[in-house]
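# Descriptive structure summary
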Amino acid sequence: MLAPIIRKIVENKTVMVERYLPSKGNLFVQKGDKLEPFQKLGDCLYSPNTVYFPKEFAPVKFLREKVYFQKGNLLGKLGTKKIEAESNGYMSFDASSEEYFFEDVPAKYTLLSGLWGEVSDVVPESSVLIKTTVTEIDLVACTSNFSFGELVVFPNPTEILEKFYLESFIKTTEGKIVYIGHHADTETIKKAHDLKISAIIAGSADPTGFSFAKSVNMGLGVLSGFGRLETPDFIYKLLNSVAYRHVFFHGDLGVLRIPMSGTEEETVPSKKKKSPLKVIKKVMKGQKVQVLQKPHFGKIGVIDRVSVSSIFVRFDNELGPVEIDLPNFYIIE
Amino acid sequence: MPVLAAYIGYSGVSVALEKQDGSFGFQRFPYSYSRELFSSVCDENFFYTQVLDGIAKENKVKLADFDVLMTGIVSFPLQDLNIKLMADVRDLLSKYDGNFPVLVDESAVMTKDSVLSQVPIDFVTNNEYFANISIYPQLITRDYNDQVSLDGLIIDKVKKAGIKLTSDKPVVFTGDRFARRDYETVFKYSLALDLFDSPGYYYVKIDKNNAVLLAQLIKEYNPNINVDTSQIIENVGTFAIVPGDTEVLLSTALDTGQFFDIKKSSVFAIPLDNSITTKLSVKNKSIGNLEGGVVGGTLGLLFDTREVRTQLISDIKIMNVFMREIEEAVKGI
């Protein structure tokens, strides 16, 4: 009997990561420089929020030049509705779209490296290409967004705790990537969206919550599948060990990339790295498998014996082995 | 060189491998490439090359010693396999003689002369099982309701296409839905029955090895090779779709005959071998009277007198009777 191998964690992969400024600015590094996560790559002036008004918008005064407004000042009217400045900023007229827009006062934006590596290329005033080493966690289902930010790891809590954790992080979650626990229900996903979390990771999610995340362009990645499934223990341990590190959510590739320092404890022995990649293997006793059959869907166990068209798997906390039909499992490495 | 023919389907790979004596062995690898699981590690080319390599090794032969022929849902390059012939599924079905092939899987329903539906099922719905199939396409379920929903989607697709399945030749159901191992074998028979919409008499066969496609693929490559599929394709029996009350008289040269009065809205199976032709007389108001010879098979002779053709397995009452009938029919031969 043959079965595919899935690698939930692909260790020490060399990749190129582009870090870029949101608008033109200054870069402080050059090709060949060695980088650490908190190293400054560059800075620029940047308005984080820009609001375009519809054509029906009537400004307080006709203007073609940039005009400064203080927070609370009247900008104009949209029908009978008064529009006020939500922050200090400038209103301008975009001649190409013939629309007025308001942008916050530009603030200084500092671009950090976020990872260990070496500068491979520099596009002046714009971006830096970094050669780095990452560990990739496979997301079996995810929205196709890309985002990066600090990884916040919650314990594998109950539902009540999930919401408590989310709310207690209310001032600090914006732009972060949060591992939310074994299961992300629709309500939690909506709450995370309200809190402007850039992406959430969970063992499993509700299909409706997943559709919601897709519709609002929010990052959502699941590790085991849909329904109420658990996060494999070894993945949780890895996430926990890299909490607060800057990570990259690549929805298009279906992976969460975690930059690694390349220090000894984070490096896989060279022997392991050189073995040729195998994706199909003969099913044998003692192999670790992920089971995809109710009521053990998503759980990881060890093969006790192999039958003609099924296997018997032992799980932690189970008395005897459980029969699992071929093909309702994958070998895990 | 001997031949290895492969069909890459929605949920697995079916293979016909030529043995030393010139006969063919049919095998199935019940997994397909899932982008969600493997894209961070390998592409389709690498995956399917390893699958065919693994199957060859299991048979203690080398893949390089075979002429590899390929068909299936293949929209990607397979440059690592030295493929001698790559054929289109529709082309193979249209050239297949003898029986009337109907290919059914979760992405398409095709017959010898038409594509009934080629719209993939949208799996990311509120149904967790469907959502998980979008990640793990090979899943088989032990949950009766999940099976009802899945087959119901296939039947709906065919009915919405508005094309009625009829043929004077034996109808052979093939494709990955019929190659997939079901928890209850009766699900394949009930799906086959539900795919017929027009009253009439149909001789039905089920191909669990995609042998129809593989045999035609080999014939295209070398018309002198004759692949014997008679032992591989299951002769299910005759399906009589006769809405309303029906009277049946069955007689052979050896007995005096048996009379059956079959009430409307039921499914009734009579054990009947396929080695001898049995004389059949049927009285039915909606399709008229019939006298002729009939042969049986695994199920024998199956009468479906339902006037409203809803999904058979969704009706627990009639399905329970059907399962009992089939058990008795199979025992009776």
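Every residue gets a number counted from 1 within its own chain, in the order that chain's sequence is written. Chain A is the first chain written and ligand 1 is the first ligand written, with later ones labelled in order. Predicted model: local features are reported for residues with pLDDT of at least 70 only, side-chain atom pairs are reported and counted for 80 or more only, and whole-chain, interface and lining totals are derived from all residues.

Per an unreviewed UniProt entry, chain A goes by the name KOW domain-containing protein and belongs to candidate division WWE3 bacterium.

## What about the packing of helix α2 (residues 186-194) of chain A against helix α3 (residues 207-215) of chain A?
All names here are of chain A. We count it as follows: Here the axes come from fitting lines to C-alpha atoms, over the contacting stretch only for helices, and the angles between their N-to-C directions go from 0 to 180 degrees. Numbering of helices and strands runs from the N terminus; a helix is a DSSP stretch of H or I covering at least four residues, while a strand is a stretch of E covering at least two. Note on angle classes: values under 35 degrees are labelled roughly parallel, values over 145 roughly antiparallel, values of 65 to 115 roughly perpendicular, and the remainder oblique. What makes a crossing left-handed is the near helix being turned counterclockwise from the far one by less than a right angle; a clockwise turn instead makes it right-handed. Once C-beta atoms have been placed from the backbone, residue pairs whose C-beta atoms lie within 7 Å are recorded as contacts. Amino acid classes used here: Ala, Val, Leu, Ile, Met, Phe, Trp, Tyr, Cys and Pro are nonpolar; Asp, Glu, Lys and Arg are charged; the rest, including Gly, are polar.
Packing of α2 against α3 brings their axes to within 8 Å, and their N-to-C directions diverge by 20°. It follows that α2 is roughly parallel to α3 by the angle criterion. As α2 runs across α3, the sense of the crossing is right-handed. The residues of α3 that touch α2, namely those facing Thr186, Ile189 and Lys190, are Thr208, Gly209, Phe212 and Ala213. Here the residues of the contact of α2 with α3 sort into three nonpolar, three polar and one charged.

## Overview of the confidence of the model for chain A
Test applied: Within a predicted model, pLDDT stands for the predictor's per-residue confidence, ranging from 0 to 100.
In this model, chain A carries an average pLDDT of 86, and 90% of its residues clear a pLDDT of 70 or more. Note on residues 267-273 of chain A: pLDDT is under 50 here. Beyond four places in sequence and across chains, it has six contacts.

## Examining the sheet that holds strand β7 (residues 58-59) of chain A
Residue and element names in this part refer to chain A. The test is simple: Two strands make a pair as long as DSSP finds a minimum of two bridges between them.
Read from one edge to the other, the open sheet built from three strands follows the order β7-β9-β10, with strand pairing classed as antiparallel. Strands with a single pairing partner mark the edges of an open sheet, and in this sheet they are β7 and β10 (81-84). Relative to β10, strand β9 (residues 74-78) runs antiparallel, the two sharing four bridges. Bridged to Gly76 within β10 is Ile83.

## What to know about the confidence of the model for chain B
In this model, chain B carries an average pLDDT of 86, and 95% of its residues clear a pLDDT of 70 or more. Prediction confidence for the complex, expressed as pTM and ipTM, is 0.82 and 0.87 respectively.

## What about the domain arrangement of chain A?
All names here are of chain A. Rules: The split into domains, and so the bounds of each, comes from an automatic or database assignment of domains.
Looking at the assigned domains, one finds that chain A contains domain 1 (2-18 + 133-264), domain 2 (48-105) and domain 3 (283-332). Domain 1 puts 13 residues into the contact, and the matching count from domain 3 is ten residues. For the side of domain 1 that touches domain 3, the secondary-structure elements that each account for two or more residues are β1 (2-6) and β20 (219-226). Among the residues making up the side of domain 1 that touches domain 3, the classes are represented as seven nonpolar, four polar and two charged.

## A closer look at the interface of chain B and chain A
For an interface, size is often stated in terms of accessible area lost upon the parts coming together. Residue-level contacts link 30 residues of chain B with 32 residues of chain A. A per-element tally of the side of chain B that touches chain A places helix α2 (residues 44-58) of chain B first, with six residues. Tallied by class, the residues present in the side of chain B that touches chain A amount to 16 nonpolar, eight polar and six charged.

## Quick notes on the sheet that holds strand β5 (residues 40-46) of chain A
All names here are of chain A. On the basis of which strands lie adjacent, the open sheet formed by three strands has the order β3-β5-β13 and antiparallel pairing. At either margin of the open sheet sits one strand with a lone partner, and together these are β3 (26-27) and β13 (107-112). As paired strands, β3 and β5 are joined by two bridges and run antiparallel to one another. Within the sheet, the bridge partner assigned to Leu27 lies in β5 and is Gly42.

## Concerning the nonpolar core
One recurring pattern in soluble globular proteins is that nonpolar side chains are buried together. Formally: By convention the nonpolar core is taken to be a set of buried residues drawn from Ala, Val, Leu, Ile, Met, Phe, Trp, Tyr and Cys and joined through C-beta atoms within 7 Å. Here exposure depends only on C-beta density: within 10 Å of a residue's C-beta, 20 or more other C-beta atoms make it buried, 12 or fewer make it exposed, and intermediate numbers make it partly exposed, the C-beta atoms being placed from the backbone.
Among the nonpolar cores identified, the biggest contains 163 residues, and A:Ile200, B:Ala5 and B:Ala16 are the most heavily contacted of them. The residues that make up this core include at least three from each of domain 1 (2-18 + 133-264) and domain 3 (283-332) of chain A. A:Ile200 has contacts with A:Val178, A:Ile180, A:Ala184, A:Ile189, A:Ala192, A:Gly219 and A:Leu220, leaving out every residue within four places of it along the chain.

## Here we look at the pairing of strand β9 (residues 171-174) of chain B
Residues and elements named next belong to chain B. Here β9 shows a buried face lined by Val171 and Phe173 and a second buried face lined by Val172 and Thr174. Summarising the sheet, strand β6 (residues 100-104) and β9 pair through four bridges and their orientation is parallel. Bridging across to β9, Phe100 finds its partner in Val171. For β9 and strand β10 (residues 200-206), the ladder comprises three bridges, and the chain directions are parallel. Residue pairing across strands places Val172 opposite Lys205, the latter belonging to β10.

## Quick look at helix α5 (residues 144-161) of chain B
All names here are of chain B. Applied cut-off: Helices are assigned an expected span. That span is 1.5 Å times one less than the residue count. Working note: the arc is built from the helix axis to C-beta atom directions.
Between the first and last C-alpha of α5 there are 26 Å, a value that for 18 residues agrees with the 26 Å anticipated at 1.5 Å per step. Regarding α5, the residues found buried are Asp146, Gln147, Leu150, Asp151, Ile154, Ile155, Lys157 and Val158. With its buried residues spanning 165° around the axis, α5 presents them on a single face. Away from the buried face of α5 by more than 90 degrees, exposed residues Asn145 and Lys160 are located. Two residues or fewer past α5, Gly162 is found with a positive phi of approximately 75°.

## Notes on the environment of B:Pro101
Residue and element names in this part refer to chain B. By the element assignment, Pro101 lies in strand β6. Here the alpha-carbon distance between Pro101 and Ile287, two residues 186 residues apart in the chain, equals 25 Å. Excluding residues within four positions of it along the chain, Pro101 makes contact with Leu93, Tyr96, Thr111, Lys112, Val172, Thr174 and Val212.

## Thoughts on α2(A)
All names here are of chain A. When we look at burial in α2, the residues that qualify are Thr188, Ile189, Lys191 and Ala192. Taken around the axis of α2, the buried residues stretch over an arc of 160°, which confines them to a single face. Count one or two residues on from α2 and you reach Lys196, which has phi positive near 60°.

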